[in-house]
Structure formats: structure tokens, C-alpha cells
Amino acid sequence: MSQDTEHDHDSQANRPNDERTNASTTTPVPEGDDTLEKSSDSSKDIEVDKEADEPIKATEDLENDDLPEEISDEDKETIKKVASDDNLSQAKSYASILVEQVIHAKETFERSLGSLFTSAFTAGLEIGISFFMILSAFALLNDVIPSRYAMVLSSLLYPIGFIIVVIGQSLLFTEQTSLLSLPVLNKIEPLHKLLRLWGIVIAGNIVGGCIFAALMIGLGLHMHLFTDHAIDVYAEHILGFEWWVIFGSAVLAGWMMGVAAWLVTSARDTLSRIVLVTLITGSIGFLGLHHSIVGNIEVFSALLYGNTVSLWRYLVFLVVVLVGNTVGGVVFVAVLKNRTFLFEIEKVKEQAAEARAKMDRRRF
């Protein structure tokens, strides 16, 4: 081999991987030079491995097939333009977050009914861990500090079940309320499919929560982690308001859960998502806001093992909180966030139309 050829190989060896790949694939390959052919092949392997190590981003390099068929080709091109998000050093763009949520919601609509119910049932069980921990801590602290402070301190354990649900990707109604409404707001899915989907998720969450209350809260009583008195005190902490106060509190809780879903989508790594879920749900627990799925376990436990909650009181509470959470999640998050996105789409369309008009004027 000539000295020039050896010099080329040495210089390529000292370059970064990207430059070696480009150099080897662009250098002309003389006939019969097996060494350079092998170098070209190996550089392609390096390129493939590098691509395999790169994180997959839902809104980077979007294809038309990634978007629902109901959207026109022109709108797909506009959405891909505003949702492009390839800079990992910066926060995700507004449109990138919303498009990713719509894609995930569309996938949820396409899941089988059995898969949806099982996932929602799992979430109902998992969210009960929060109440189990809160009740145990409350019973322990209530013996040494005033009940009010014991209630506040124990509520700091509220995020545990939510972290399990969100990171484990089970279907929780209050998290999915705003998310699942996005395809309907954008006329991709019909309203009746959304209502059916909400019904399945709510049913799975409630059934899972009730079973957790029946089994695990009963187990905690036998383990002397808490007493039936502690269960009643905590239930009255939830129920001791007028219905319209509970409804307003549930609206705020639904709003905050919708914001949590938005922030979780905006995060690029698991640790950031855990921190965000902890901050939002911890605030809900600290403020004593009414969350339908956790509240179902709290009040149903008092119905089974306490002495102050009747079946009628439990049912009225559940309906009021479910409606409040739904209003908070859909109106304050899905509708407003989606409206902002549509304004951004219209702005991009206007800019594209102006650019085309300028090009046409230049031609003539």
C-alpha cells in the first residue's frame, strides 16, 4: 500500500466517528481495493449503531402515517412544521407536546376494551397505595401531634401511588381526562367513543379502588397500622363540606391533574417526570383537594369499616367529584391548550400563504 493511502487511513482514525463515516462514504473507491471497501462497510456499521443509541422522540421526523387519516395533507405538513423538536438541550415546543399527546390518545382509542379495563383496574389498585400510606402515617402522627398537623404531614405521602401509576403507564381517569378529549376536540374521534372510553376507565379505576379498600384497608386494621376511628376522621376530612365546595375543589384538582399530564409529556426523562408528578399531586394532597379515584378509596373504606358514611353519601360524593374533575381537566386544560395550538397552526398557514404569494409575484 502506498504512503499516501496509509496517511489517509491514519488521518481518518484520528477523526471523530461522524467525520470518519462521512470521509469513508464519500471517498472514491478504486476497483479491486478491498481495504477501502471494508472501511466503508465498517463505517456504515458505526453509523447504524450511532442511530440506534439516539433517543426516539415522538414528534421528531414525523411522517404522514403518524398522524390521523382524518387530517388533510396540508394540515399534516403544517403540524409537522410546528411540532419539529430536535434540540434536546431545550424544552419541548408547545406544539410538540400537544401533538405527542394527540398521538398517544389516538393509540388509547385503538386499544381493546379488555386492555383498557385491565389497565384502569390496575391503576385503581395502585393509587390505593397512597391512601394506605397516608392513613398509616396519620394514625401514627395523630398520637403525638394535633390532628390537623398530622393530617397535613401525612398528606405529603399522597404522590406515591400517582408516581407508580404515571411511570407505570396505567390508565388513571383524572390523568386521561384532558388527554383523551384531544382527538374529539380536533374532530378525529367521535364524542360517543370518548364517553365509552371514559366509562371504561372510570369503572376500572373504581372497581380496583374498591377492591383495594376491601382487602388492604382491612389488612391494615388487623395489622394495627390504624383504627376505624382514623378511617372515619379522614373520611370526614374529605366529606365535611357543602356539595358545591366539593365540586369546586374537584374542578381545581382536575385542572391540576391535566396540568400534570401536560408537564409529564413535556419532560424528556423519567426523573423529571417523577419530580413533576410529586410536585403537582403533593400540592393536591397538601391542599386537601378532591380527587375522584383516591377519594373513592377514602370514602369507600369508611363505608366498609367506619361508622359515619352511608351508601347514599358515598354515591353523591363520587358523582360530584367525578363531574368536577372532568370539568377541570377538559375545560381548563384540553380546550384552552388545544385552542392555543390551533391559533399557532393558523399563524403558520398564513405565513406559508404569504410566502407563496411573494414567490408568485416574483415569477411574474
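Cut-offs used in this document
- Residues numbered from 1 in each chain as written.
- Predicted model: local features only at pLDDT ≥ 70, side-chain atom pairs only at ≥ 80, totals over all residues.
- Heavy atoms only, no water.
- Helix = DSSP H or I, 4+ residues; strand = E, 2+ residues; numbered from the N terminus.
- Buried < 20%, exposed > 50% of the residue type's maximum accessible area, 1.4 Å probe, protein only.
- Core = buried A, V, L, I, M, F, W, Y, C linked by side-chain atoms within 4.5 Å.
- pLDDT = per-residue confidence, 0-100.
- Contact = heavy atoms within 4.5 Å.
- Salt bridge = Lys/Arg side-chain N within 4 Å of Asp/Glu carboxyl O.
- Polar contact = N/O pair within 3.5 Å; in protein donor to acceptor, adjacent residues only side chain to side chain.
- 1 Å grid on protein atoms, 1.4 Å probe; cavity = no way out; pocket = protein on both sides within 12 Å on 5 of 7 lines; lining within 4 Å.
- Points joined across faces, edges and corners; volume = space filled by probe spheres on them.
- Phe/Tyr/Trp six-rings, centres within 6.5 Å; stacked < 30°, edge-to-face > 60°.

### A few points about unusual backbone geometry
The phi dihedral of Gln169 is positive, around 60 degrees, even though this residue is not glycine. By the secondary structure assignment, Gln169 is in the loop between α8 (159–168) and α9 (173–185). Judged by relative accessible area, which is 63%, Gln169 ranks as exposed. Unusually for a residue other than glycine, His224 sits at a positive phi of about 60 degrees. Checked against the element boundaries, His224 lands in the loop between α10 (191–222) and α11 (228–239). For His224, a relative accessible area of 71% puts it in the exposed group.

### A closer look at the nonpolar core
In this structure, Ile127, Phe162, Ile217, Phe226, Tyr234 and Tyr314 are the most contacted members of the largest nonpolar core, which totals 67 residues. Among the elements that make up this core, the one with the highest residue count is α10 (11 residues). Among the nonpolar cores identified, the runner-up in size contains 7 residues, and Leu98, Leu182, Ile188 and Ala334 belong to it.

### Some points on the confidence of the model for the protein
For the protein, per-residue confidence averages 79 on the pLDDT scale, and residues scoring 70 or more make up 69% of the total. Contacts from residues 1–57, a stretch scored under 50 in pLDDT, to residues over four places away or in other chains number 32 contacts.

### Side note on the pattern of salt bridges
Any two side chains of opposite charge can pair, given that their charged atoms come close. Tallied over the full model, the rule gives 3 salt bridges. Between Glu189 and Lys106 there is a salt bridge whose closest N-O contact spans 2.7 Å. Placement of Glu189 in the loop between α9 and α10 and of Lys106 in helix α5 (residues 94–109) is noted, with a sequence separation of 83 residues between them. The pair Glu189 / Lys106 is uniform in exposure class, with both members buried. Across the pair Lys193 and Glu189 runs a salt bridge, and its minimum N-O distance is 3.2 Å. Of the residues examined, Lys193 reaches a relative accessible area of 23% and is grouped as partly exposed. Beyond isolated ion pairs, a larger network of salt bridges with shared partners links Lys106, Glu189 and Lys193.

### Considerations on the side chain of His291
Examined against the element boundaries, His291 turns out to sit in the loop between α13 (270–287) and α14 (292–305). Of note is the side chain of His291, whose polar atom sits 3.2 Å from the backbone nitrogen of Val294. Not counting residues up to four positions away in its chain, the partners in contact with His291 are Tyr158, Phe162, Leu172, Thr174, Met257, Asn296, Val321 and Asn325.

### Side note on the layout of surface pockets
Of the pockets and cavities examined, the largest pocket occupies roughly 560 Å³. In terms of lining residues, the largest pocket is bounded by 20 residues, among which His104, Val166, Gln169, Glu175 and Gln176 are the most central.

### Structural notes on the packing of aromatic side chains
Summed over the entire model, instances satisfying the criterion amount to 9 aromatic pairs. With centroids separated by 6.1 Å and ring planes inclined at 85 degrees, the aromatic side chains of Phe173 and Trp198 adopt a geometry described as edge-to-face. Residue Phe173 is located in helix α9, and its partner Trp198 is located in helix α10; the two are separated by 25 residues in the primary sequence. We note that Phe173, like Trp198, is buried. Look at Phe300 and Tyr314: their rings are 5.5 Å apart centre to centre, the planes differ by 55 degrees, and that puts the pair in the tilted class. Here the residue Phe300 occupies a position in helix α14, and Tyr314 occupies one in helix α15 (residues 311–363), the gap between them amounting to 14 residues. Judged by its relative accessible area of 5%, Tyr314 is buried. Ring pairing ties together the aromatic residues Phe131, Phe138 and Tyr234, which thus form one cluster.

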